[in-house]
Amino acid sequence: DAGVTQSPTHLIKTRGQQVTLRCSPKSGHDTVSWYQQALGQGPQFIFQYYEEEERQRGNFPDRFSGHQFPNYSSELNVNALLLGDSALYLCASTRESGRWPTDTQYFGPGTRLTVL
Amino acid sequence: GIQVEQSPPDLILQEGANSTLRCNFSDSVNNLQWFHQNPWGQLINLFYIPSGTKQNGRLSATTVATERYSLLYISSSQTTDSGVYFCAVYANAGKSTFGDGTTLTVKP
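Being a predicted model, the structure only gives us computed values, none of them experimental. (Residues numbered from 1 in each chain as written. Chains lettered and ligands numbered in written order. Predicted model: local features only at pLDDT ≥ 70, side-chain atom pairs only at ≥ 80, totals over all residues. Heavy atoms only, no water.)

Novice: Account for the packing of aromatic side chains, with residues named and values stated.
Specialist: Under the defined criterion, the tally for this structure stands at nine aromatic pairs over all chains. For the pair Phe35(B) and Phe98(B), a centre-to-centre distance of 5.7 Å together with 25 degrees between the ring planes defines the contact as stacked. Taken together, the positions of Phe35(B) in strand 4 (residues 31-37) and Phe98(B) in strand 10 (residues 95-98) put the pair 63 residues apart, joining distant regions of the chain. By the burial criterion, Phe35(B) is buried, and Phe98(B) matches it. What links up through ring pairs into an aromatic cluster is the set Tyr35(A), Phe45(A), Phe107(A), Phe35(B), Phe86(B) and Phe98(B). Above the plane of the ring of Tyr106(A) lies Lys26(A), whose end atom (NZ or CZ) is 5.1 Å from the centre. Positioned over the ring face of Tyr69(B) is Arg22(B), at 4.2 Å from the centre of the ring. (Phe/Tyr/Trp six-rings, centres within 6.5 Å; stacked < 30°, edge-to-face > 60°. Helix = DSSP H or I, 4+ residues; strand = E, 2+ residues; numbered from the N terminus. Buried < 20%, exposed > 50% of the residue type's maximum accessible area, 1.4 Å probe, protein only. Lys NZ or Arg CZ within 6 Å of the ring centre and 35° of its normal.)

Novice: Give me the state of the cysteines: which residues, what numbers.
Specialist: In a disulfide, the sulfur atoms of two cysteines are held together by a covalent bond. All names here are of chain A. Per the counting criterion, the structure on display carries two disulfides over all chains. Between the sulfur atoms of Cys 23 and its disulfide mate Cys 91 the distance is 1.8 Å. A torsion of -55 degrees about the S-S bond marks the disulfide between Cys 23 and Cys 91 as left-handed. Pair noted here: Cys 23 is in strand 3 (residues 19-24) and Cys 91 is in strand 9 (residues 87-94), with a separation of 68 residues, a long-range link. For Cys 23, a relative accessible area of 2% corresponds to the buried category. (Disulfide = S-S within 2.5 Å.)

Novice: Pulling in residues and values, what's your account of the interface of chain B and chain A?
Specialist: When the parts of a complex come together, some accessible area is lost, and that lost area is often taken as the interface size. Taken together, the contact pairs 20 residues of chain B with 23 residues of chain A. Summed over both partners, the interface of chain B with chain A comes to about 1,700 Å²; 49% of that surface belongs to carbon and sulfur atoms. Here chain B is connected to chain A by zero salt bridges. Going through the elements one at a time, strand 4, strand 5 (43-48), strand 9 (83-92) and strand 10 of chain B are the ones with two or more residues in the side of chain B that touches chain A. In terms of residues, the side of chain B that touches chain A owes the most to one element, strand 4 of chain B, which gives four residues. Residues belonging to the side of chain B that touches chain A are distributed by class as follows: seven nonpolar, eleven polar and two charged. (Contact = heavy atoms within 4.5 Å. Buried area = accessible area lost by both parts, 1.4 Å probe. Salt bridge = Lys/Arg side-chain N within 4 Å of Asp/Glu carboxyl O. Nonpolar A, V, L, I, M, F, W, Y, C, P; charged D, E, K, R; others polar.)

Okay, here's the thing in structure tokens:
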């Protein structure tokens, strides 16, 4: 049973560029959430996708956008990169149960983004 | 939004010692999870525990939702237990909030 997978593992970009990160959820899961983890801090919720729509969003600017595909995989796009966007980006998946996810959330290994 | 506080921020133990990590949250939550983040950044599920007590080997957790806190107990600690332990709470339709973590160092 494949867990949550993310690609790429590492990425180096320069200020002003755009980046796309990818996530495949755990088998049987249909809900994907994205997090940003700066060094020494806990993960911060960016947004969550369910049924190909953004359902919840944290305090992140519109430069952060996403997409969910019919196979439940997801992309995170960040435009106009800033130095402060350097972080570990984590994807998590869960299974919808009722009105909103109440099941265990599983995390991928993350993508480490460095902005120079 | 909801606030999550973890304590202590840092903990250093000798191998074999026991420890208790605490997570306080400021409002009612739908569920709560404990994670262990290894040195490579992977978040590993420890417990899904919106209320009550669960045990898994040397680890156990208790959440008292009415008093807005959760505790993670580690008994007979091993060097492989080292890492950062996070508590995450889920309050609104899947939106989650993590604490800043407790960094545990277990010395041989």
